[in-house]
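Each chain, letter by letter, is given below.
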Amino acid sequence: MTIDPSGLDARPAVTSYKIGDLVRLAWSGRIRVPHFQRDFRWESQDVTRLFDSVAKGYPIGNLLLAVREQESEERFTLGRLRLTSPVSGESLWVVDGQQRVISLANALSADAHPYRPFTVFYDLVAGEFLEGERGTGDRHLVPLPLLFDVPKLVTWFSSVGVPVEELVDEAVRVAVAIGQYEVPAYLVRVDDRQVLTDIFQRTNTHGRRLNRAEIFSALYGRDNRNGEEELTLGGISDNVATRTGFGSIDADTVLAAVLARRHPEPGPDDGWDEYPAGQAEYPDEDWPTAFVEGEEALVRTVDFLIREAGVPHVSLLPYRTLLVLLTRFFAHFPHPGSNSLRLLRRLFWRLSLVGPTHGAGFLTRAIRPGDEEGSLRALLGTLPVARPPLPRLDRFRPNEAATRIVLGAWWSLRPRSLVTGRVLDAQDLDAVLQQDRNAVNATPMIYPSLVTDTSHRQRCANRLLLPSDDDPVSEIPGALAHQPVGLDDATWDAVLASHLLDRDTAALAGRDADAFLEARQERISRQLAHFVGQMAEWDYEDTPALDSLDLDDEFQDTDDADRP
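Residues numbered from 1 in each chain as written. Predicted model: local features only at pLDDT ≥ 70, side-chain atom pairs only at ≥ 80, totals over all residues. Heavy atoms only, no water.

Draft legend 1. Representation of the sheet that holds strand β7 (residues 120-123) within the structure. Read across the open sheet, the three strands follow the order β8-β7-β9; overall the sheet is antiparallel. Looking along the sheet, the strands with just one partner apiece sit at the ends: β8 (128-131) and β9 (141-143). Between one strand and the next, the sheet's axes are offset by a mean angle of 35 degrees, whatever the strand orientation. One ladder, built from three bridges, connects β7 with β9; its direction is antiparallel. By the bridge assignment, aspartate 123 is partnered in β9 with leucine 141. Lying on the sheet, helix α2 (residues 44-56) is in contact with β7 and β8; it crosses β8 at an angle near 165 degrees. (Pairing = 2+ DSSP bridges. Helix = DSSP H or I, 4+ residues; strand = E, 2+ residues; numbered from the N terminus. Axes fitted to C-alpha atoms, helices over the stretch in contact; angles between N-to-C directions. Contact = heavy atoms within 4.5 Å.)

In structure tokens, the structure reads:
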């Protein structure tokens, strides 16, 4: 992204807002918070700590606000508040300080106060702020909204019958301390989105730089219009997880997939309107429509991964780049033929083994709208001729592609519970992992305290793919060495085979860890080679589908040649 070296036309104005004025601006719809995917993330203790700092006069940090013209009246949310922006005039958009602004505006509002984490009370006796339901029912505990409204505070004192004058004085003191507290702020007047992007990228929120998805959402997102929630990057991730059971895809990957659908080479700093007219493949599409269509393409992609490629969960996905690539393919070719699906599966596993070394742009550029067969040929043509080596088995690292390929091979065996013999499915995997994008919680160690050979401890052979809440993961050696009473021989053999074991190998589990791991490592190596060969199909020619060949013309030529 190129930034004008002159930067801002005018330096940011330095000012300050009394909390009383700041909160009233927010309630009037004059302060807006960009619709970050992260949304509000503070908990009750964070909100109470903020007010404690204010009451003590401690610094709570600066605000960075972008001054923007309000184009039309809109309804939007601010935490738990439902607000309406003015028809015209200027609004202040929070670049840095989102958590603080939302906390102040909501905890001091009677409408939002009943909802956590904004339920905060002040203890007039102890002189401290309390969170949640602990503040209900006591006469010396004042709800924060009353401290912000002196007439109502006086009425409240009369209604609860507080007799001690000192308590009234304490309430007024804290009310004044909050309302008159001044928050420093920088005001930036700029409409250039590139400059705003640069400001977002350089601004840290609580020591953490905003990621690409958060920057994009802040600049191009909207708050709800007419009281209806609009789709966000986080919403797409949640919807895909709910619809498919694939787990939570991170917002950066969702954004990359949505942008790749619109253009073959979305760069790292591309926004919604970065491309010249005619370059984007959906030039007249607004972002809400693109988000909806992007979600549908992602769902088709995930369905392919689950049904065709044998990847049941995001924690087993070798590279996120492949999800972006496939989303672009399924956006343009939503219903590929059976041979195309096979070629696509072949491509997925070959790329998983080789690694997408060319980058997402190089691969997505090969997908040409309207040419499904040509796109597949071009994608397969990007791969090197030489076969890559198989993933290493001497170290188990579930955040690395090599280990995830091994887990994919194990999943193809339909792993079973060691206790019940039941085949464990994708729902079990998702239930164990929940929002995790790493399969470590579904892959317990067989020997967590192995000391005879630490290199054995790190091997893939020392793990089981066992997404089960019923199995005693702390007693796996004993469980492997003894057939459960309720399982017949055939079922137990199937259980062992699903974990790359047989009876002889399993019998070693309880008495010779090194011999057990050596034997299982050999079985893992053989099965991995078979699985990779089956999925990558190295020995098969990448032929087009039969319906892409113009057989009628070929037969027509033959018929003409045979005619007298």
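Next comes the rest of the write-up.
Draft legend 2. Highlighting the packing of aromatic side chains. Under the defined criterion, the tally for this structure stands at eight aromatic pairs. Between phenylalanine 51 and phenylalanine 129, the ring centres sit 6.2 Å apart and the planes meet at 40 degrees, which makes this aromatic pair tilted. Taken together, the residues span a long stretch of sequence, with phenylalanine 51 in helix α2 and phenylalanine 129 in strand β8 at a distance of 78 residues. As far as burial versus exposure is concerned, phenylalanine 51 and phenylalanine 129 are alike and both buried. (Phe/Tyr/Trp six-rings, centres within 6.5 Å; stacked < 30°, edge-to-face > 60°. Buried < 20%, exposed > 50% of the residue type's maximum accessible area, 1.4 Å probe, protein only.)

Draft legend 3. Here's a closer look at the pairing of strand β6 (residues 90-96). Of all the seven residues making up β6, six are buried; the element is thus mostly covered by neighbouring parts of the structure. Pairing geometry for strand β2 (residues 31-32) and β6, over two bridges, is parallel. By the bridge assignment, isoleucine 31 is partnered in β6 with leucine 92. Pairing geometry for strand β3 (residues 63-69) and β6, over six bridges, is antiparallel.

Draft legend 4. The packing of helix α11 (residues 287-307) against helix α12 (residues 320-332), seen in detail. Where α11 contacts α12, the axes come no closer than 8 Å and their chain directions differ by 110 degrees. When the axes of α11 and α12 are compared, the pair comes out roughly perpendicular. Classified by chirality, the crossing of α12 by α11 is right-handed. Contacts between α11 and α12 involve Gly294, Ala297, Leu298, Arg300, Thr301, Val302, Phe304 and Leu305 on the former and, on the latter, Leu323, Leu326, Thr327, Phe330 and Ala331. (Parallel < 35°, antiparallel > 145°, perpendicular 65-115°, else oblique. Left-handed = near helix turned anticlockwise from the far one by under 90°.)

Draft legend 5. Spatial organisation of the pattern of salt bridges. Taken as a whole and assessed by the stated rule, the structure comprises 21 salt bridges. Two residues, arginine 261 and glutamate 285, come together in a salt bridge whose shortest N-O distance is 2.9 Å. Here the residue arginine 261 occupies a position in helix α10 (residues 251-262), and glutamate 285 occupies one in the loop between α10 and α11, the gap between them amounting to 24 residues. In this pair, the class of arginine 261 matches that of glutamate 285, namely buried. For arginine 422, the salt bridge identified is with aspartate 428, shortest N-O distance 3.0 Å. Residue arginine 422 is classed as partly exposed on the basis of its relative accessible area of 36%. Because the salt bridges share partners, they merge into one network encompassing Arg342, Arg345, Arg346 and Glu537. (Salt bridge = Lys/Arg side-chain N within 4 Å of Asp/Glu carboxyl O.)

Draft legend 6. The arrangement of the nonpolar core in detail. Judged by nonpolar contacts, the single largest core of 89 residues is most densely connected at Ile249, Leu305, Phe348, Trp410, Leu480 and Phe516. At nine residues, helix α22 (residues 513-536) tops the list of elements feeding residues into this core. If we ignore the near neighbours within four places in the chain, the residues touching phenylalanine 516 are Ile446, Tyr447, Ala461, Leu480, Leu501, Thr505, Ala506, Leu508 and Ala509. If you look at the next biggest cluster of nonpolar residues, it comprises 50 residues, including Val23, Ala105, Leu144 and Tyr181. (Core = buried A, V, L, I, M, F, W, Y, C linked by side-chain atoms within 4.5 Å.)

Draft legend 7. Representation of the environment of leucine 108 within the structure. Structurally, leucine 108 can be placed in the loop between α3 (98-107) and β7. Separated by 36 residues in the primary sequence, leucine 108 and leucine 144 have C-alpha atoms spaced 5.5 Å apart. Apart from the residues within four sequence positions on either side, leucine 108 is in contact with Ile19, Val23, Trp27, Phe51, Leu144, Pro145, Phe148 and Ile178.

Draft legend 8. Structural context of α2. Compared with an ideal rise of 1.5 Å per residue, which puts 13 residues at 18 Å, α2 spans 18 Å between its outermost C-alpha atoms and is within 8% of the ideal. If you check which residues of α2 are buried, you get Ser44, Val47, Thr48, Leu50, Phe51, Ser53, Val54 and Ala55. At the exit of α2 stands glycine 57, carrying a positive phi of roughly 80 degrees. (Expected span 1.5 Å × (residues − 1).)

Draft legend 9. Highlighting unusual backbone geometry. Cis peptide bonds are those with omega within 30 degrees of zero, and the linkage from arginine 116 to proline 117 qualifies with 5 degrees. Within the secondary structure, proline 117 is located in the loop between α3 and β7. Even without being glycine, leucine 500 reaches a positive phi, approximately 60 degrees. Here leucine 500 shows up in the loop between α20 (489-497) and α21 (503-507). What makes leucine 500 buried here is its relative accessible area of 7%.

Draft legend 10. Representation of the side chain of arginine 463. Along the chain, arginine 463 turns up in the loop between α18 (454-457) and α19 (476-481). Residue arginine 463 is classed as buried on the basis of its relative accessible area, which comes to 13%.

Draft legend 11. Looking closely at the environment of leucine 83. The topology assignment puts leucine 83 in strand β5 (residues 81-84). Judged by relative accessible area, which is 9%, leucine 83 ranks as buried. Here the alpha-carbon distance between leucine 83 and glycine 29, two residues 54 residues apart in the chain, equals 5.9 Å. When neighbours within four sequence positions are excluded, leucine 83 is seen to be in contact with Ala26, Trp27, Glu74, Arg75, Phe76 and Leu78.

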